[in-house]
There are 2 protein chains.
Amino acid sequence: MKRLGLAIILVALVAGLSAAEESGDFEPATTNVWGAEYPRIDKAGRVEVRIKAPDATKVRLNFWSGPKVDMQKQPDGFWTITTEPLAPGLHYYTLSIDGVEMSDPGSHAFFGGGKYASAVEVPEAGADYYEIRAVPHGQVREVWYDSKVTGAWRHALVYLPPGYEEQTKARYPVLYLQHGGGENETGWIRQGRANFILDNLIADGTCKPMIVVMAYGYARRAGYTPPDLTGKPFGSPEMMKAMQDMAAAFEDDVTQALIPFVDATYRTIADRDHRAMAGLSMGGMQTFQITLNHLDLFSYIGGFSGAGGLRMIGNQKPDWKAAHNGVFADPAAFAKKVRLLWVGVGTDEPERMREGIRGFHAALTEAGIQHVYWESPGTDHEWQTWRRDLKDFAPRLFQ
Amino acid sequence: MKRLGLAIILVALVAGLSAAEESGDFEPATTNVWGAEYPRIDKAGRVEVRIKAPDATKVRLNFWSGPKVDMQKQPDGFWTITTEPLAPGLHYYTLSIDGVEMSDPGSHAFFGGGKYASAVEVPEAGADYYEIRAVPHGQVREVWYDSKVTGAWRHALVYLPPGYEEQTKARYPVLYLQHGGGENETGWIRQGRANFILDNLIADGTCKPMIVVMAYGYARRAGYTPPDLTGKPFGSPEMMKAMQDMAAAFEDDVTQALIPFVDATYRTIADRDHRAMAGLSMGGMQTFQITLNHLDLFSYIGGFSGAGGLRMIGNQKPDWKAAHNGVFADPAAFAKKVRLLWVGVGTDEPERMREGIRGFHAALTEAGIQHVYWESPGTDHEWQTWRRDLKDFAPRLFQ
């Protein structure tokens, strides 16, 4: 068994055991797999990437919200690059090897863009609100619920706050928290660290203990046959119809399958005063559609770099009477019904996104609709914006 | 917000919405990401793989325990291949593009080989014991425990059986279940489907409800500086030392940090009669080292395609008096102390592995040491073997 055992574990072990060398103050990213020396990061936030591709003729590093640069081939067959300093936070990236996009074997894989991508975590000086700290920790649970809407088992993650198991009589409010386009139900934990953010806020006494439910935002109604969009132009009627079908299927899944499952499975306070929904980007749009169509179920609403619904009309002043069943038509009644309407965006997000959210905020203000608006300084359409959003949003819930 | 919203979700949506076309009886693998048409599988277990690489000169498909074949370039810039029928089960694979190994963007990523790899699930006719069924489901929980041994927070997955939350007075036995070399604590759930296997066995009444703890099998003692093994030959004294250091660190982490955490966190029956450990491959070797060094803590032992410890002497008859503190020296005393010693291997595993386990079984038999030996017909050093092992092993526990 001896040599055999060696053979079995060598593959992973050599990396893990040879992780000694250093250079300057560059250190392996905390998002690396065990023993991977690259990518690595220095104090200034510069990222050094390295990949072996001796036969490649062109290798590029593509940060999805950051530098997209050619890498340099070295005599040893490795390609390397060191970026300019990046903003703090988790940055998705992929490598392009002779035109083939791939993830970096040195990085943990994160589900984004509809596939598994790589990412580097650039630390933010002084920010430990999303780090694991020596405080009581909630648990993240994987659950599978049988959705009559989609006709399939659906996987969700559920955060139970510290003390949930000890206080066997206590009941808790629930935040439904959605990922963005191309991501899945794991995003808020793996990329967003929502569990650590809640642990820390609760430990600091600034946030009510709550249950957080993270579902998969893509859904197809049972028996639904997706249209073939091949060759259909961007934004074609067929695509719009397909998107509306999916949005409606997810809305029904949340209200008819997920919420009943959660209320039956956990000690929730199952009323609108103790139920919130928020989401980022696509999840923000889903949140507005679902909550504003079901104000009997929700009283707290958050849009992180995503708001309104498919029926919002860009950043022109919307027709509030028409939009969202006219819930905005009477600001006083709305303020009475909705305890929190929260909208935020990062100041470094793409202009269309930033101005879209600002325009929505402006329209709400002009219409006299009570809401909280917040901008994350210096961050893009990325997870650091949404971590900060959650940190500002969660303490405002259920007070 | 409208065009913006489209832009945000298009990336993942188009795939999800255009998933119409079919060919013959090939269907997308259940292990694919949302909407990915490839890889796909037919009834015979043939796998069709497709990747776009118009500028590549050589593309290979590498199944880690299966065919390693060149793919053919098509006029449209895609490379394709259809394999021979594969054995049932989950098969790891990677693609090699001009010598660069990458995972397939169409597949979910599974942590194996020290990185994220692709895999296809080839269904086994008539086998639904690892499928999700309409039975009560346990929950898989993510926990982080503060290990004084490693000086770091460690992540583990814990399966709580159905009814755990309702029967608030009930206490449960615990199975510690380890992954193999190059894998991590997620393997038994993502690849092995241990939660569904336990759900189904418990629902069928053939298995006692139990807690299953899945920890990360790699560990470094706090303050440990890994040696630089660069240039050191395979099996060098330095490597052996480093492996023994890691094995000892993990042994202490399990016995001094993990077990106390689990017994403090969950309603366990915290004695040796209600504690089992099993593992696959490297995890099997760890299991033997840890349990046989701590028979005060464990009374059930399972080795799935991995047994003995670093001190076992190949498939020659071992010196039982020397091995494992001599616990095997008195078969009668051993049988009295250890309620189950279980060893298994797949008939199609690599010869050295198969013969190593068979030799261990033969040695145990010759020494008169009571044990259960089982072979998985037609399966390799892969997850289908270990799913079957768990299905045979778990019902024998805590009876």
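Fair warning: this is a prediction, and the values are worked out from it, not measured in the lab.

A description of the overall build of chain A should follow, citing residues and the corresponding values.
When you go through chain A residue by residue, the secondary structure sums to eight helices and 19 strands. For chain A, whose C-alpha radius of gyration is 23 Å, the value lies close to the compact-globule estimate of 21 Å for 399 residues. Each principal axis of the C-alpha distribution contributes one length, and for chain A these read about 70 × 55 × 45 Å. When burial is assessed residue by residue, chain A has 62% of its 399 residues classed as buried. Entry remark: accessible area of chain A is about 14500 Å², with carbon and sulfur atoms responsible for 53%. For chain A, the centre of its 41 positive side-chain charges and the centre of its 48 negative side-chain charges are spaced 4 Å apart.

Break down the packing of aromatic side chains for me, with residues and values.
Counted by the stated rule, this structure contains 44 aromatic pairs over all chains. Aromatic side chains F304 of chain B and F393 of chain B sit 5.5 Å apart centroid to centroid with 80 degrees between the ring planes, which places their arrangement in the edge-to-face category. Taken as a pair, F304 of chain B in strand 17 (residues 300-304) and F393 of chain B in helix 8 (residues 383-393) lie far apart in primary sequence, 89 residues in all. Aromatic rings pair up to connect W188, F304, W342, W374, W383, W386 and F393 of chain A into one cluster. Between the NZ or CZ atom of R50 of chain A and the centre of the ring of F78 of chain A, over which it lies, the distance is 3.7 Å.

Go over helix 7 (residues 351-366) of chain A, please, and point to the residues and values.
With 16 residues, helix 7 of chain A extends 21 Å between its outermost C-alpha atoms, agreeing within 8% with the 22 Å of an ideal straight helix rising 1.5 Å per residue. Among all positions of helix 7 of chain A, only M353, R354, G356, I357, G359, F360, A363 and L364 of chain A are buried.

I'd like a rundown of the nonpolar core, residues and numbers included.
Of all hydrophobic cores here, the largest spans 42 residues; its most connected members are M71 of chain A together with M71 of chain B. Sequence-distant contacts of M71 of chain A, defined by excluding residues within four places in its chain, comprise V49, R50, I51, V59, R60, L61, W79, T80, I81 and L95 of chain A.

Mind laying out the environment of H137 of chain B, listing which residues take part and the relevant values?
Here H137 of chain B is to be found in the loop between strand 11 (115-122) and strand 12 (139-147). Taking the C-alpha atoms as reference points, H137 of chain B and V254 of chain B, separated by 117 residues in sequence, lie 27 Å from one another. Each residue touching H137 of chain B, except ones within four places of it in the same chain, is listed here: W144 and W153 of chain A together with I132, P162 and D199 of chain B. Within polar-contact distance, the side chain of H137 of chain B engages the backbone oxygen of R133 of chain B at 2.7 Å.

If you had to explain the pairing of strand 18 (residues 340-346) of chain A to someone new, which residues and values would you point to?
Residue and element names in this part refer to chain A. Among the seven residues of strand 18, seven are classified as buried, and the element is accordingly described as predominantly covered. The side-chain alternation of strand 18 yields two buried faces, one formed by L340, W342, G344 and G346 and the other by L341, V343 and V345. One ladder, built from five bridges, connects strand 17 (residues 300-304) with strand 18; its direction is parallel. Across the sheet, residue G303 finds its bridge partner in strand 18, namely V343. Both strand 18 and strand 19 (residues 372-376) contribute to a ladder of five bridges, which runs parallel. Looking at strand 19, one finds that V343 is bridged to Y373. Note that the unit made of strand 18, helix 7 and strand 19 has a crossover that is right-handed.

Any details on the pairing of strand 7 (residues 78-82) of chain B? Residues and values, ideally.
All names here are of chain B. As paired elements, strand 3 (residues 47-52) and strand 7 share five bridges and run antiparallel to each other. Among the inter-strand pairings, V49 is bridged to a residue of strand 7, identified as I81. Bridging between strand 6 (residues 72-73) and strand 7 involves two bridges; their strand directions are antiparallel. Note on strand 7: the bridge partner recorded for Q72 is T80. Where strand 6 folds back onto strand 7 in an antiparallel hairpin, the turn is made up of four residues, including G77, whose phi is positive at roughly 90 degrees.

Lay out the packing of helix 4 (residues 237-265) of chain B against helix 5 (residues 282-293) of chain B in plain terms, naming residues and giving numbers.
Residue and element names in this part refer to chain B. Helix 5 packs onto helix 4 with a crossing angle of 55 degrees between their chain directions and a minimal axis gap of 10 Å. One finds that helix 4 runs oblique with respect to helix 5. For the pair helix 4 and helix 5, the crossing hand works out as right-handed. Residues A247, A248, F250, E251, V254 and T255 of helix 4 form the contact with helix 5, whose own contacting residues are Q286, Q289, I290 and N293. Residue classes in the contact of helix 4 with helix 5 are distributed as five nonpolar, four polar and one charged.

So what about the packing of helix 3 (residues 194-203) of chain B against helix 8 of chain B? Which residues, and what values?
Residue and element names in this part refer to chain B. Their axes nearest at 10 Å, the elements helix 3 and helix 8 cross at an angle of 30 degrees. Of the possible angle classes, the one that applies to helix 3 and helix 8 is roughly parallel. Judged by the sense of rotation from one axis to the other, the crossing of helix 3 with helix 8 is right-handed. Here helix 3 contributes A194, I197, L198 and L201 to the contact with helix 8, which in turn contributes R387, L390 and K391. Of the residues belonging to the contact of helix 3 with helix 8, the class tally is five nonpolar, no polar and two charged.

Before we move on, could you go through the sheet that holds strand 2 (residues 40-41) of chain A and cite the residues and values that matter?
All names here are of chain A. One open sheet holds the five strands; their spatial order is 1-2-3-7-6, and the pairing between them is antiparallel. Of all the strands in the sheet, the pair left with one neighbour each is strand 1 (27-28) and strand 6 (72-73). Judged from the two bridges that link them, strand 1 and strand 2 form a sheet pairing that is antiparallel. Directly across from P28, in strand 2, lies its bridge partner R40.

Please set out the sheet that holds strand 6 of chain B residue by residue, giving values where relevant.
Strand order across the open sheet formed by five strands is 1-2-3-7-6 (chain B), with antiparallel pairing between neighbours. For this open sheet the edge positions go to strand 1 (27-28) and strand 6 of chain B, each flanked by a neighbour on one side alone.

Which residues make up the confidence of the model for chain A, and what values go with them?
All names here are of chain A. On average, residues of chain A score 91 in pLDDT, and 92% of them reach the 70 mark or higher. Long-range and interchain partners of residues 1-22, a stretch whose pLDDT sits below 50, account for 68 contacts in this model, where long-range means more than four residues apart. Interface predicted TM-score (ipTM) for the complex: 0.90; the corresponding pTM is 0.92.

Rules used throughout
Residues numbered from 1 in each chain as written. Chains lettered and ligands numbered in written order. Predicted model: local features only at pLDDT ≥ 70, side-chain atom pairs only at ≥ 80, totals over all residues. Heavy atoms only, no water. Helix = DSSP H or I, 4+ residues; strand = E, 2+ residues; numbered from the N terminus. Rg over C-alpha atoms; globule rule 2.2 N^0.38 Å. Buried < 20%, exposed > 50% of the residue type's maximum accessible area, 1.4 Å probe, protein only. Areas by Shrake-Rupley, 256 points an atom, 1.4 Å probe, with all protein chains shown as cover. Lys, Arg positive; Asp, Glu negative; His and termini not counted. Charge placed at Lys NZ, Arg CZ, Asp CG, Glu CD. Phe/Tyr/Trp six-rings, centres within 6.5 Å; stacked < 30°, edge-to-face > 60°. Lys NZ or Arg CZ within 6 Å of the ring centre and 35° of its normal. Expected span 1.5 Å × (residues − 1). Core = buried A, V, L, I, M, F, W, Y, C linked by side-chain atoms within 4.5 Å. Contact = heavy atoms within 4.5 Å. Polar contact = N/O pair within 3.5 Å; in protein donor to acceptor, adjacent residues only side chain to side chain. Pairing = 2+ DSSP bridges. Right-handed = clockwise from strand over helix to strand, strands pointing away. Axes fitted to C-alpha atoms, helices over the stretch in contact; angles between N-to-C directions. Parallel < 35°, antiparallel > 145°, perpendicular 65-115°, else oblique. Left-handed = near helix turned anticlockwise from the far one by under 90°. Nonpolar A, V, L, I, M, F, W, Y, C, P; charged D, E, K, R; others polar. pLDDT = per-residue confidence, 0-100.

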